[in-house]
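# Remarks on the overall topology
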Amino acid sequence: MTKAAELAKMGEVLTNSQIGGRRNIVINGAMQVAQRSASVTGIAASTYATVDRWKTAIGSTAGRLTQTQTAITDLSGFAFATKLDCTTADTSIAAGETLMFHQRFEGQDLQQLKKGTSDAEKITVSFFVKGNASATYTCELQDTDNARFNSQEFSVTTSFTRVILTFVADTTGALTNDNALSFQLNIHLHAGSTFTGGSHTDNVWHTTANQRVGDNQTSFFDSTDRTFFITGVQMEVGSVATNFEHRSFGEERQLCYRYFYTMKAATAFMKVGHGRAYNTSNTTATYPVPVPMRANPTGSVSANDDFGVAGESAGGTTGTSAAAETMDDFSRFAINITRSGADLTAGTIYQVEADNNTDMRINLDAEL
Amino acid sequence: MKVTNVKYWKYPLTGKVTHIYCNIEGRAEQQQVPIDNGNTDYKNIKVQVDAGTLTIEDAD
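For every chain, the first residue of the written sequence is number 1, and numbering continues from 1 along that sequence. Starting at A for chains and at 1 for ligands, labels are handed out in the order in which the entities are written. Where totals are concerned, whole chains, interfaces and linings use all residues; where local detail is concerned, this predicted model gives features only for residues with pLDDT of at least 70, and gives and counts side-chain atom pairs only at 80 or more. For the side-chain quantities, the full set of heavy atoms in the structure was used; hydrogens and water were omitted.

### Concerning the overall build of chain B
For the purposes of this entry, the term helix denotes a DSSP run of H or I that reaches at least four residues, the term strand denotes a run of E that reaches at least two, and both are numbered from the N terminus. Regarding its fold elements, chain B presents 1 helix and 3 strands. Along chain B, helices and strands appear, N-terminal first, in the series β-β-β-α. The size measure is the radius of gyration over C-alpha atoms, and the globule rule it meets is 2.2 Å times the number of residues to the 0.38 power. Relative to its length of 60 residues, chain B is compact, with a C-alpha radius of gyration of 11 Å against a globular reference of 10 Å. Buried residues are those whose accessible area, probed at 1.4 Å on protein chains only, stays under 20% of the maximum for their type, while exposed residues exceed 50% and partly exposed ones sit between those limits. Counting every position in chain B, which comprises 60 residues, the buried fraction comes to 37%. Long-range contacts, defined as pairs at least 24 residues apart, comprise 29% of the intrachain contacts of chain B with a sequence gap of at least 6. Taken as a whole, chain B presents about 3300 Å² of accessible surface, with 47% of it coming from carbon and sulfur. Positive charges are assigned to Lys and Arg, negative charges to Asp and Glu, while His and the chain termini are left out of the count. Note that the charge is assigned to NZ on lysines, CZ on arginines, CG on aspartates and CD on glutamates. Treating the 7 positive side-chain charges of chain B as one cloud and the 8 negative ones as another, the clouds have centres 3 Å apart. The contact rule is simple, with two residues in contact once any of their heavy atoms fall within 4.5 Å. Only the protein chains shown count as cover for residues, and all accessible areas are computed by the Shrake-Rupley method using a 1.4 Å probe.

See the structure below:
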């Protein structure tokens, strides 16, 4: 790059305020946080499998994969990547088949893109990828508020390389300024004609579903030899890919908690919280979460009998509602415990706790 | 989104239906979905109910 070009780039970076912190709109781009699991095998349905904020969307295919948050030593500065490993191939690709690794964004977090205005900004996406062999996949920006798409093909080799893709600004379709889904960053790894049937053009905003995936797309499910590694994902305003913005594990985890939080006992009889029995079979206990969640979450628990009531006999919990009550800002919840045997006294304060093991887990899911 | 074993849940304290209990995408753990338009799972369930492709069993 010439000196003049370098200065021009620097000027653009300064103009777009990319020198400052929080350049990276992506959360958990370095794949550090994995509250749910480090590895999930036999993925057959869409799920947030391992690393937080990253969803594997799979549809209509017989292909299956294992997803792992894997430690890496062959990319300086990065400790983890997400590894996708094809375990069942599917070489007969029906129209609606898809495999996509993606992150979803709230509209209120993307107003700086000025999308749908005459001042709309370019968007630059960068990430490090490798695979078992050369391949071509498709990276896509998807405006879910206005059903608009822009995608570009990229290449994968057997060594980690940084892919940098700058997407043109979109002066059509503003993003809603709220906490709902507005936008996705998609990595298409397998796609049927519903997505590939049309004639694809890189880096054009459009509304045609069958032009979303590139004409040279490789199918991840073409062989059980196929692997795909990705880390260092960054999405930023402007046409320059700045160095990956490393955030501390603590910062990244706090950002993830807005969308998913799991509370897991590390010791037997770990206390969840306290509350008053309102009849002989039911009591509640309130507990806080580290940061207010995005929305009223879907709750789940490991098993009913992983929860007990201090002073009462072990077991005997036949029902739980992980978030039966909530504060308006989703910063605090009350679990409801239903007991068999009518062993509670109405009006008495009880302590809800883990049983005599470390199996107790409460999951709160407020993903987009 | 594949949803099975779908049933309304009534909060015993208030007697009001506040959640939908179900299994989502084959997960073994029962999911407790709040009846709240801000919740992504509820929105997906509602689409299927409105389309007539999903029926929710009454609460106990």
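### Some details on the overall build of chain A
Looking only at helices and strands, one finds 3 helices and 20 strands in chain A. Relative to its 368 residues, chain A shows a buried fraction of 56%. Pairs at least 24 apart in sequence give 76% of the contacts found in chain A among residues at least 6 apart. For chain A, the exposed surface amounts to about 14000 Å²; the carbon and sulfur share of it is 50%. Computed over 28 positive and 37 negative side-chain charges, the inter-centroid distance for chain A is 3 Å.

### Considerations on the sheet that holds strand 5 (residues 98-106) of chain A
Residues and elements named next belong to chain A. Sheet architecture is open: 5 strands sit in the order 2-5-10-7-8, paired in antiparallel fashion. Lying at the two open borders of the sheet, with one neighbouring strand each, are strand 2 (55-59) and strand 8 (148-156). Between one strand and the next, the sheet's axes are offset by a mean angle of 25°, whatever the strand orientation. By definition, two strands form a pair when at least two bridges between them are found by DSSP. Taken together, the 9 bridges between strand 7 (residues 135-143) and strand 8 define a ladder with antiparallel strand orientation. Among the inter-strand pairings, Leu-141 is bridged to a residue of strand 8, identified as Asn-150. A fitted line through C-alpha atoms serves as each axis, taken over the contacting stretch for helices, and the angle formed by two N-to-C directions is quoted from 0 to 180°.

### Quick notes on the environment of Asn-44 of chain B
Looking at where Asn-44 of chain B falls in the secondary structure, it is placed in helix 1 (residues 40-50). Linking Asn-44 of chain B and Lys-7 of chain B, residues 37 residues apart in sequence, is a C-alpha distance of 15 Å.

### Some words on the confidence of the model for chain B
On average, residues of chain B score 96 in pLDDT, and 100% of them are at 70 or above. Model confidence for the complex: the whole-complex pTM is 0.94, and ipTM, which rates the interface, is 0.98. On a range of 0 to 100, pLDDT expresses the predictor's confidence in each residue.

### With respect to the packing of aromatic side chains
Working definition: an aromatic ring pair is given by the centre-to-centre distance plus the angle between the planes. In summary, the pairing rule links any two rings of Phe, Tyr or Trp, Trp by its six-membered ring, whose centres are within 6.5 Å, and it sorts them by plane angle into stacked for under 30 degrees, edge-to-face for over 60 and tilted for everything else. Counting across every chain of the model gives 13 aromatic pairs over all chains. Between the aromatic rings of Tyr-278 of chain A and Tyr-11 of chain B, the centroid separation amounts to 6.3 Å while the plane-to-plane angle is 85°, which identifies the pairing as edge-to-face. With Tyr-278 of chain A in the loop between strand 13 (271-276) and strand 14 (282-288) and Tyr-11 of chain B in the loop between strand 1 (3-10) and strand 2 (17-24), this residue pair bridges two chains. Assessed through its relative accessible area of 3%, Tyr-11 of chain B is described here as buried. Over the face of the ring belonging to Tyr-259 of chain A we find Arg-53 of chain A, whose NZ or CZ atom lies 3.6 Å from the ring centre. Working rule: Lys NZ or Arg CZ, within 6 Å of ring centre, within 35 degrees of ring normal, means a charge sits over the ring.

### Focus on the pairing of strand 3 (residues 64-71) of chain A
All names here are of chain A. Along strand 3, 6 of the 8 residues are buried, which leaves the element largely enclosed by surrounding structure. Here strand 1 (residues 39-43) runs beside strand 3; their pairing, made up of 3 bridges, is antiparallel. Note on strand 3: the bridge partner recorded for Ile-43 is Leu-65. In terms of strand pairing, strand 3 meets strand 4 (residues 80-88) through 8 bridges, oriented antiparallel.

### Quick word on helix 1 of chain B
Turning to helix 1 of chain B, its buried residues are Thr-40, Asp-41, Tyr-42, Ile-45 and Gln-48 of chain B. On its buried face, helix 1 of chain B sits against strand 15 (298-301) of chain A together with strand 1, strand 2 and strand 3 (31-34) of chain B. Counting of polar contacts relies on pairs of N or O atoms within 3.5 Å, with two restrictions inside protein: one atom must be capable of donating a hydrogen and the other of accepting it, and residues adjacent in sequence are counted only when both atoms are side-chain atoms. For helix 1 of chain B, the side-chain oxygen to backbone nitrogen distance between the N-cap and Asp-41 of chain B is 2.8 Å, and the N-cap itself is Asn-39 of chain B. One or two residues past the end of helix 1 of chain B sits Gly-52 of chain B, with phi positive at roughly 80°.

### Quick notes on the interface of chain B and chain A
Facing 19 residues of chain B, the contacting portion of chain A comprises 27 residues. The term buried area means the drop in 1.4 Å probe accessible area that two parts suffer when joined, counted for both and summed. Of the roughly 1700 Å² buried where chain B meets chain A, counting both sides, 41% is carbon and sulfur surface. Broken down residue by residue, the surface that chain B buries against chain A is led by Tyr-11, Glu-29 and Gln-32 of chain B, which jointly contribute 30%. Salt bridges, as used here, are contacts in which a Lys or Arg side-chain nitrogen is within 4 Å of a carboxyl oxygen on Asp or Glu. Summed over the shared surface of chain B and chain A, the number is 0 salt bridges. The interface formed by chain B and chain A contains 17 residue pairs in polar contact (both at pLDDT 80 or more). Every element with two or more residues in the side of chain B that touches chain A is listed here: strand 2, strand 3 and helix 1 of chain B.

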